[in-house]
Each structure stands twice: as structure tokens, then as C-alpha cells.
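Structure assessment
One letter stands for each residue in the lines below.
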Amino acid sequence: MALSGVEIFKMLPKTNCKKCGHPTCLAFAMKLAQRQVSIEECPDVSEEAKKILSEAAAPPIRPVVLGVGDKAVKMGEETVLFRHDKKFLNPCAFALEIKDTESENDINKKVEAVVNSEIDRIGQKLRIDAILIQNSSNDSGRFESVVKLVSTKAPQVPLILSTTDPSTAEAALKVVADKRPLLYGANESNAEAMANVAKTYKVALGVYAKGLEALSALTEKIKGLGVEDIVIDSGARKAKEIIQDNTLIRRAAIKKNFRPLGYPIINFMQRDDAMVEALMTVLGITKYASIIVISNVDRWKNLATFTLRQNIYTDPQVPMQVEQKIYKIGEPTPESPLLITTNFSLTYFIVSGEIENSKVPSRLAVMDTEGLSVLTSWAAGKFTAGKIAQFIKDSGIENEINHRELIIPGYVALLSGSIEEKLPGWKITVGPREANGIPVFLRSRAQ
Ligand code: SF4
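Residues numbered from 1 in each chain as written. Predicted model: local features only at pLDDT ≥ 70, side-chain atom pairs only at ≥ 80, totals over all residues. Heavy atoms only, no water.

Our focus in this paragraph is the sheet that holds strand β11 (residues 266–268). Reading across the sheet, the 8 strands line up as β10-β9-β8-β7-β6-β3-β12-β11 and stay open at both edges, with parallel pairing between neighbours. Edge positions in the open sheet fall to β10 (230–233) and β11, since each of these has one partner strand only. Across this sheet, the average inter-strand angle for adjacent strands is 25 degrees, counted without regard to direction. The pairing of strand β3 (residues 93–99) with strand β6 (residues 130–134) spans 5 bridges and is classified as parallel. Its bridge partner lying in β6, I98 is registered against I133. Most of the contacts of helix α8 (residues 212–224) go to strand β9 (residues 204–208), to which it runs at about 150 degrees, and overall it touches β8 (182–186), β9 and β10. Helix α10 (residues 274–286) rests against β3 and β12 (291–294) of the sheet, and its axis sits at about 175 degrees to β12. (Pairing = 2+ DSSP bridges. Helix = DSSP H or I, 4+ residues; strand = E, 2+ residues; numbered from the N terminus. Axes fitted to C-alpha atoms, helices over the stretch in contact; angles between N-to-C directions. Contact = heavy atoms within 4.5 Å.)

Here's what the structure looks like:
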């Protein structure tokens, strides 16, 4: 159970020594109750209290990592039910299913589609994160050879090995254990043997039981067998069941700190109809899935689900922003145009994209407006003539360019006169109101 600040306080030394950086033990206890600090920051706490407090302070959903290196996927560690309370931390992973009964040609095509699925959106790399290899053949040798093939073709893509046969699992893990795959397929009848394999090869174990009661009993059993990193599957496959089970699991973990269900969830969303599969994926993204298994990676579907996932996993209380600086687009010379906009990510990426489309090498001055768009920041007094003039002076751009012309967004045309007053010697030109007018605007000037 989560402990209250007062309960934690009772276990602290109560000397108010400030070594933890807090003025009193009570202040530290309150922070600890909110999981904003670690008990390790108090050097004088007893070992017994440390053990109790560390267990109580562990995140209600255990963090589990799938894969290694840059493309490893971290799951779990969530602390809230709703994203307006606090940011959702670890975006769910999309895993494409490959059956070991498929032909080598089909497998190669699917692996290639996963490897090439990456897109860049608002500065973030979005992709299909993993491949689940399904032991449909029930043939250990075939499964092992497909695991080998996939891991050779896509050495950086995290893998999920799906089999209920412990010896098949072991044979495949001998090949790829160092890539830290997830072994999925433990159930009530094979729990001991699968737990032993997972322990031996130090991989996380995916656990299946029909219904939440059976699932909690099974995770407790597997934990008792020494496996800590667990991913859970309640057997829900229909939309209604998935919403219901995922919500109950998340509520039990977050609200009740119910450890037997405090693990990342894997949902199987494969459908023959790609549109239905996309809708099922949307359910998983919005309702607490950590791994969503899918059967195809059509580009239209990826674009929709990547975008939704990115939006759900951004902090709704913090506007997305980019660094304040002068960005070079193309290879600008000292004569190239200089434009200015705000540092709201979406504004920056749309404006810079349209400048790129114009094929006119330019400089884009991006001013820190705390992530607000042009009109909002102007209305909030963060994108004013005085602040723009100061930013241009401080940026040092006058040493880089031979002209003194600044192109401002059309939406703040009324600032042009006052910026000219505050930036003596500069000419302020009003650019288009909408970013899609930039290519024509820049090209017409270049002629
Ligand atoms: Fe209290 Fe420990 Fe912080 Fe000292 S370091 S003030 S004993 S919580």
C-alpha cells in the first residue's frame, strides 16, 4: 500500500538535519509520499525503514524494458489514470506479428516494413517498435530459425518470442537472449518451467490468464518463482473486454497499489480488417496498453496511430517547444532571407517545412515564447515589438548577414512599425499569414 506523508515521517530520523536538501523531515516525507524524491537521499534512515519505504515508493506499475540500445522500449512506471493529472510516461510499443509458418519472402517483407517504418514528426522519431514472433508451427526448430532470421535482418528491433513450450522458448533464447526480448506465453499449466527459462536467460516474462483474478494469482506465483519483470495479458480480445480489463488493471495498480496487477499490459489487436485493427489500436493507446500487437503496418494506419500515440504521451500542461535560436534552412548565404516565428513546436516544424519546400535557403529566427503559437504569444505579451527587437539584437545575427531585413508572420503585421522603431536600420517585411503561403512568397522575392 502507498504510505501517507505522516506514516513516512514516523519512520524518518526526525532530526531535521537538512542533509536531504529539505528543511525538515516532514517536508521530505511529503515529497516522498508524492514520489518526487528517493529515500536514498536521506543518509541517516535505518535499513529497516529504508526497505519498507523503498517497497512503498516503487512505482505502482513496474518498469520493464524490452530490447537493448537506442531502440529499447521502456514500459510501465505510470502513476496516474488520467493524462490531465500528470503526463503519461512511457508510450505504448507497437509490435508487428510474424508467424513462423509464413514464407521467408513474406517474413523478409514484414521485417523490412518494420525497419522502414520510422518517421520524424515534430522532432520525434516514431516507428513500429518491435516484432512478435509467433510459434504457430509448434515446431521448435522452425521457430528458432525464424527468430534467427528476424534478428539478423533487424538486429536493433526488440523482439517478443511467443510460445507456450518452455523448451522451444529456451532454444530461441539461446540465440537472442542478449537482445533482451520478452518471452510471452507463461500460463497456469507451464508457469514453473517458463519462469525458470525467463530467470535463466534474464528476460521479462509475458503472462496469460483468463480474467483478472486468475491473472493476479498467476503473477504472484511467478513472482514467487523469482521473476520480477512481468508483462500481463488478461485474455481480453474484444473491444469491450479490453477497455474493461485494462481500466480495472490500471485502477487496481494506481488507486489501490495492488501489486499483482502492477505490470505493463500486452494487448493482441490483430484483425483481418485493417480499419478495425486501427480502431482497436486506438483503444489500446488511449486505454493503458503498453504493447499493442498488430498484424500489418500499412503506412496510412501507422501515420494515424503514431500521431495519436504521440499526442496522448505528451504533457498536456507543457506546450511542446523547440530551442530558441537562429536555424539555418538549406545553405543560406549572408544575403539569404531572415524570417522570425515563435518556438511552439508545431509552428516551428510547419514554418521550417514550408521554407524547405520553397527551396530558398533562409534563416529562421525562433524566439522563445514558452511554446505558444504566434497569435497566442502576441496576445499574451510574449511576442511583442520590444521582445522581438531585443532577441534579434542579442542573437548576434547582425554579424552573420549582409542585409537588415526581417520577415515577420502576417498575423502580427501590426508590429512592423514598432519593431522598425526599436531596431534602427532594419526593414521589417510582413510575410504571409499562413505558413503554406511561404513558398510562393520566398520564391517571388528570389526572382
Ligand atoms: Fe530528516 Fe533525513 Fe532529511 Fe535529515 S536527511 S532532514 S533526517 S529526512
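Continuing now.
A few words on the site of the ligand. Taken together, P13, T15, N16, C17, K18, K19, C20, C25, F28, C42 and P43 make up all the residues around the ligand. Here the residues of the shell around the ligand sort into 7 nonpolar, 2 polar and 2 charged. (Near = heavy atom within 4 Å. Nonpolar A, V, L, I, M, F, W, Y, C, P; charged D, E, K, R; others polar.)

Turning next to the packing of helix α5 (residues 140–153) against helix α6 (residues 166–176). As a packed pair, α5 and α6 sit with axes 9 Å apart at the nearest point and diverge in direction by 25 degrees. Regarding the angle of α5 to α6, the classification is roughly parallel. In this structure, α5 crosses over α6, and the sense of that crossing is right-handed. In this structure, α5 uses S140, F143, E144, V147, K148 and S151 to contact α6, whose residues at the interface are S167, T168, A171, A172, V175 and V176. Here the residues of the contact of α5 with α6 sort into 6 nonpolar, 4 polar and 2 charged. (Parallel < 35°, antiparallel > 145°, perpendicular 65-115°, else oblique. Left-handed = near helix turned anticlockwise from the far one by under 90°.)

Remember, this is a structural readout, not a statement about activity or role.
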